[in-house]
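# Coordinate analysis (summary)
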Amino acid sequence: MRQILLLLLFFSVGLTVDAQSVLMGDPGYDQNNPADCSTFGVSGNNFFDDGGASNYSANFNDTTVFCPDLNQGTKMTMTFGINAGFEFNVDGSDSIYVFDGPSTSSPLLGVHNSVTDPNGFAYTASWNNPSGCLTVVFVSDGAVEGTGWIANVQCGNQAEPFTPHVEAYINGVGSNALNPLDTGFVDVCFGDSILFVATPDFPYSLESTGYGYSQNVNNVNYAWNISGGGTYPNNDSIWFTPPTRNGFLVELKITDIFPQTERLLCKVRVSQQPIFAGTGPLEDTVCVGENTVLIGGTTQTDTVGVDIPPGTFEMGGAFAGLTYLPDGSGQQYQAPINISGFPAGATISNSQDLNQVCITMEHSYLGDLEIALQCPNGTQVTLLNSYSPGFIPGGTSGGGTYLGDPIDDSGGGGPGEGWTYCFSSVFNTWGDYPTELAAGNTIPAPNFGNNGPSMNPNGVYLPEDDFVTFAGCPVNGQWTIIVQDNLTIDDGYIFEWGLYFDQSLFPGLNGYQNYITNEFWHNDPTIVSGQNDTLIVVQPPSPGTYNYIYEVTDNFGCTYDTTVNFEVLPLPNVQSDTIGCNLGVQLQGTFSYNGGMWTVADTSVHFQPDEFAENPLVYTTVPGTYTVVYTDQACNTSDSLEIYFPPYVFAYAPDTALCDGVVYELTPTVGATVNSYAWNTGSTSPSITITEEGMYIVVVSNECHSGTDTIYVDYKLCDIVPPNVISLSSNSGNQTWYVQQEGIAKFNCVILNRWGNLIYEFDDPTGSWDGTSNGTKVSEGTYYYIITAVTEGGEEIKKHGFIEVIH
């Protein structure tokens, strides 16, 4: 920026020649006689060729040196131009040589004339040149001389380059945790704090060189920006505690007094919480006296039991902290967060740009809740609408279903356990909330909710409005979660929420993946073998619930554990055979040792939420009768039932128009096995006989489904209309003779000449006569036709008449 200002200043000066003006070949200002930077070159152009008003000299070869005084200025700057008081006319056979230093032994910066640089050129002494001097050599031959130049040379303080550095200390102790240095990663556990310390290096400062301007850690400004929001002081060090389990970008901007800015970007990676879904007993129920296997399995080659989700960098922010959702009719809660750090002007353009929204919350009555997300320009997208009428149009009541594991009281009793619910228009694994609620996609709330049904958090829901609605909305700015509670005697809490934007909005940033480095089972007296392995054998001595703790440590040094349990209880029992309408049925009354597995031979049958649920929703995509088997894994005892899934049905017959007198058998096409027919005529047969026009409605049904079709039947008069002339030589008009007809089933037409001789015959009612007989055009004159036909309704038609043939 400073260099640009100096150049602009140079272009503004005039042609004034003062005492400090230099002609090419003058000694100039060497290191023993430096220029006074407070005045040199500031009042006008001050460097000229030796020719004055005439052309420069032929066969010229001389040197001029320009050095700053290093007090008022540290670097010389030289500018040659062709306007704003500058002139530059050096023949292509002559050259100006510029050296970065006090002599011609300094590095050559460039060789110039009006051919190589018709508009001029400019140089500033580099920072590899501590003298700040520039040396000029001009060489001309005796061929052609130009008018020379009017240029400007002056000195001043340029922006002093400095190198930003940053160090990071986990919980303020130990060695610098950034790897690699400055721009690398700090890997921490959730809950850790990081002390970031800026340690810039100022090699060209006044303090380091004795000249220039002051640069030190106390007189520069520090601007810290961390994705996810937050305000940080203008200080060389800050503390940061990651609010969520994500990666975070940490940007440090250092600005000196010039002002000159340097930036650094380093990253924080927070350990991802393992998913212990696969950790537990190989058989989740056993008979008394039998043993079972508990699976851990977390080494890099043995990953059966524990799965660690990939980490993603938090490009937005999270609103964290325990926050009460007010109860009552229509009260709203708004949680805004400020998103920053994305490229200026970045906007949402499609459903994927906002990958997902995640809310950790609990609420004791879903049926009165509305949740929407609002972007910085005010556009709102519905995530969940479970009440009508509310501030969001529509709404499907969730009734007494929970979110999370709430304390189900009249309000104000404190928080229960928050579960994380995520929504995505692209990466969803489930449908929207009304779809999943109708499918029974709930799990028990075991701790505070007395095992009441709560929406399943183990997947990603489709929002009720597509995120493409945000198209055109800025990414940077304030995003707000809006929650409205519409009924009393229930409440809830939001623990935290976050936005996760697509990495394409911030190119070059990848995710990360944790892995397990150590794992073990806690000691328990019922472990009979495998204590030092990830797979152990346990043998409970009596019926009851048995708990086992499995602990792992990841590559960030973070420790996690989970408690698994199983039951020793009586034999299983399932319900009787049943029918599943709409290709699904919710099983009821299954009794087992608190666990078992459903199986079926056909892969088109599925269980929701999974085959381990005691009373799952059983569904298929293929109608039919299936035998499903429930096996008690502990005692290896099975029970089964048959489920008949009737197919969907439909009926279809096209509307039709019939000739008068036609008797029509109307038989609809049906799409599957149909048990009954019901016509609006009162008939229950698969088909009906039609003798008159009208509207006919048929309803077909089976055990679960029905289909309806409405067929319109019209009757019409069917006839033949022949023309009476044919013009064989006309370029327009009827060059062929044919009849207009409708509804003709049988047809014959003969054409006779005036002597009664047959000259043409055809049987197709859509056929025609082209005025020929045996391939030869007939003569002009009068011809006679005789037509006999039968309509589709069985009516006989006879017609005859004359045809006038003209050429």
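In case you missed it, the structure is sitting above this.
Residues numbered from 1 in each chain as written. Predicted model: local features only at pLDDT ≥ 70, side-chain atom pairs only at ≥ 80, totals over all residues. Heavy atoms only, no water.

### Looking at the overall build of the protein
- Within the protein one finds three helices and 60 strands.
- Each of the 807 residues in the protein was classed as buried or not, and the buried ones make up 48%.
- Counting only contacts in the protein whose residues sit at least 6 apart along the sequence, the fraction spanning at least 24 positions is 69%.
- Within the structure as shown, the protein displays about 35,900 Å² of accessible surface, and the carbon and sulfur contribution to it stands at 50%. (Helix = DSSP H or I, 4+ residues; strand = E, 2+ residues; numbered from the N terminus. Buried < 20%, exposed > 50% of the residue type's maximum accessible area, 1.4 Å probe, protein only. Contact = heavy atoms within 4.5 Å. Areas by Shrake-Rupley, 256 points an atom, 1.4 Å probe, with all protein chains shown as cover.)

### Some words on the packing of aromatic side chains
- Here the structure, examined in full by the defined rule, presents 35 aromatic pairs.
- Centroid distance Trp521 to Tyr550: 4.7 Å. Interplanar angle 45°. Geometry classified as tilted. Of this pair, Trp521 sits in strand β32 (residues 516-521) while Tyr550 sits in strand β35 (residues 544-554), placing them 29 residues apart in sequence.
- Trp521 gets classed as buried once you look at its relative accessible area, which sits at 2%.
- Linked through ring pairs, Tyr29, Phe40, Phe47, Tyr56, Phe60, Phe66, Phe80, Phe88, Phe121, Tyr123, Phe138 and Trp149 together constitute an aromatic cluster.
- Directly above the aromatic system of Trp127 lies the positively charged group of Lys75, at a separation of 4.5 Å from the ring centroid.
- A cation over an aromatic ring shows up here: Arg754 above the ring of Trp755, its NZ or CZ 5.5 Å from the ring centre. (Phe/Tyr/Trp six-rings, centres within 6.5 Å; stacked < 30°, edge-to-face > 60°. Lys NZ or Arg CZ within 6 Å of the ring centre and 35° of its normal.)

### What about the sheet that holds strand β48 (residues 676-679)?
- Taken together, the four strands give an open sheet; going across it, the order is β45-β51-β50-β48, and neighbouring strands pair in mixed fashion. If you trace the sheet from one side to the other, it starts and ends with β45 (656-659) and β48, each paired once. Pairwise comparison of adjacent strand axes, ignoring direction, gives a mean angle of 25° for this sheet.
- Two elements, β45 and strand β51 (residues 706-716), share four bridges in a ladder whose sense is parallel. Paired with Ala657 across the two strands is Asp714, which belongs to β51. (Pairing = 2+ DSSP bridges. Axes fitted to C-alpha atoms, helices over the stretch in contact; angles between N-to-C directions.)

### Things to note about the sheet that holds strand β18 (residues 261-270)
- With respect to topology, four strands assemble into an open sheet ordered β13-β18-β17-β15, the strand pairing being mixed. Where the open sheet ends on each side, the last strands, each with one partner, are β13 (185-188) and β15 (221-226). The sheet shows a mean angle of 20° between the axes of neighbouring strands, direction not considered.
- With nine bridges connecting them, strand β17 (residues 247-255) and β18 associate as antiparallel partners. Bridging from a neighbouring strand, Lys253 pairs with Arg263 of β18.

### Points about the side chain of Glu160
- Turning to its location among the elements, Glu160 is positioned in the loop between β11 (148-156) and β12 (166-170).
- Given the relative accessible area of 1%, Glu160 is considered buried.
- Within the structure, the side chain of Glu160 is placed 2.6 Å from the backbone nitrogen of Tyr213, a separation counted as a polar contact.
- In this view, Glu160 contacts Trp127, Tyr204, Ser205, Leu206, Tyr211, Gly212, Tyr213, Gln215, Asp256 and Gln260; residues no more than four positions away in its chain are not counted. (Polar contact = N/O pair within 3.5 Å; in protein donor to acceptor, adjacent residues only side chain to side chain.)

### Observations regarding the nonpolar core
- Residues Phe196, Trp224, Val268 and Tyr548 are the most contacted members of the largest nonpolar core, which totals 49 residues.
- By residue number, the principal contributor to this core is β17, which donates five residues.
- If we ignore the near neighbours within four places in the chain, the residues touching Phe196 are Val166, Glu167, Ala168, Val186, Trp224, Asp236, Ser237, Ile238, Phe240, Val250, Cys266 and Val268.
- Listed in part, the 41 residues of the second largest apolar core include Leu384, Phe467, Ile494 and Leu499. (Core = buried A, V, L, I, M, F, W, Y, C linked by side-chain atoms within 4.5 Å.)

### Observations concerning the environment of Asn219
- Considering the arrangement of structural elements, one finds Asn219 in the loop between α2 (206-209) and β15.
- When its relative accessible area of 25% is taken as the criterion, Asn219 is described as partly exposed.
- Residues Asn219 and Ile257, spaced 38 residues apart in sequence, show a C-alpha to C-alpha distance of 7.3 Å.
- If we ignore the near neighbours within four places in the chain, the residues touching Asn219 are Ser214 and Ile257.
- Of the polar contacts made by the side chain of Asn219, one reaches the side chain of Ser214; its length is 3.0 Å.
- Of the polar contacts made by the side chain of Asn219, one reaches the backbone nitrogen of Asn216; its length is 2.9 Å.

### Considerations on the pattern of salt bridges
- What the rule picks out here adds up to four salt bridges.
- In this structure, Asp187 engages Arg269 in a salt bridge whose closest nitrogen and oxygen atoms are separated by 2.8 Å. Of this pair, Asp187 sits in strand β13 while Arg269 sits in strand β18, and the two are 82 residues apart along the sequence.
- The class of Asp187 is partly exposed, set by a relative accessible area of 24%. (Salt bridge = Lys/Arg side-chain N within 4 Å of Asp/Glu carboxyl O.)

### Describing the pairing of strand β5 (residues 75-80)
- Burial within β5 is extensive, with six of its six residues counted as buried.
- What you see with β5 is no split at all: Lys75, Thr77 and Thr79 on one side and Met76, Met78 and Phe80 on the other are buried throughout.
- Judged from the five bridges that link them, β5 and β11 form a sheet pairing that is antiparallel. Among the inter-strand pairings, Met76 is bridged to a residue of β11, identified as Cys155.
- One ladder, built from four bridges, connects β5 with strand β9 (residues 121-124); its direction is antiparallel. Across the sheet, Met78 pairs through a bridge with Tyr123, a residue of β9.

### Side note on the state of the cysteines
- Taken as a whole, this structure holds seven disulfides when the rule is applied.
- A sulfur-sulfur separation of 2.2 Å characterises the disulfide bridge that pairs Cys375 with Cys473. Between Cys375 and Cys473 the sulfur-sulfur dihedral comes to about 120°; the bridge is accordingly right-handed. On the criterion of sequence distance, the pair formed by Cys375 in the loop between β24 (369-374) and β25 (380-385) and Cys473 in the loop between β29 (460-461) and β30 (477-485) is long-range, its members being 98 residues apart.
- Classification of Cys375 by relative accessible area gives buried; the value is 1%. (Disulfide = S-S within 2.5 Å.)

### Observations regarding the environment of Tyr421
- Of note, Tyr421 is situated in strand β26 (residues 419-423).
- The exposure class of Tyr421 is buried, given its relative accessible area of 4%.
- Tyr421 sits 63 residues away from Cys358 along the chain, and the two C-alpha atoms are 5.5 Å apart.
- In this structure Tyr421 touches Val357, Cys358, Ile359, Met361, Tyr402, Leu403, Gly404, Ser454, Met455, Asn456, Pro457 and Tyr461, once residues within four positions along its chain are discounted.
- Within polar-contact distance, the side chain of Tyr421 engages the side chain of Ser454 at 3.4 Å.
- At 2.8 Å, the side chain of Tyr421 forms a polar contact with the backbone oxygen of Met455.

### With respect to a negative patch on the surface
- Taken together, the side chains of Asp655, Asp660, Glu692, Glu693, Asp714 and Glu795 present a region of like negative charge at the surface.
- With respect to the element layout, Asp655 can be found in the loop between β44 (651-652) and β45.
- On the basis of relative accessibility, which here comes to 48%, the residue Asp655 falls in the partly exposed class. (Patch = residues over 30% accessible without salt bridge, like charges linked within 9 Å, V, L, I, M, F, W, Y side chains within 5 Å. Lys, Arg positive; Asp, Glu negative; His and termini not counted. Charge placed at Lys NZ, Arg CZ, Asp CG, Glu CD.)

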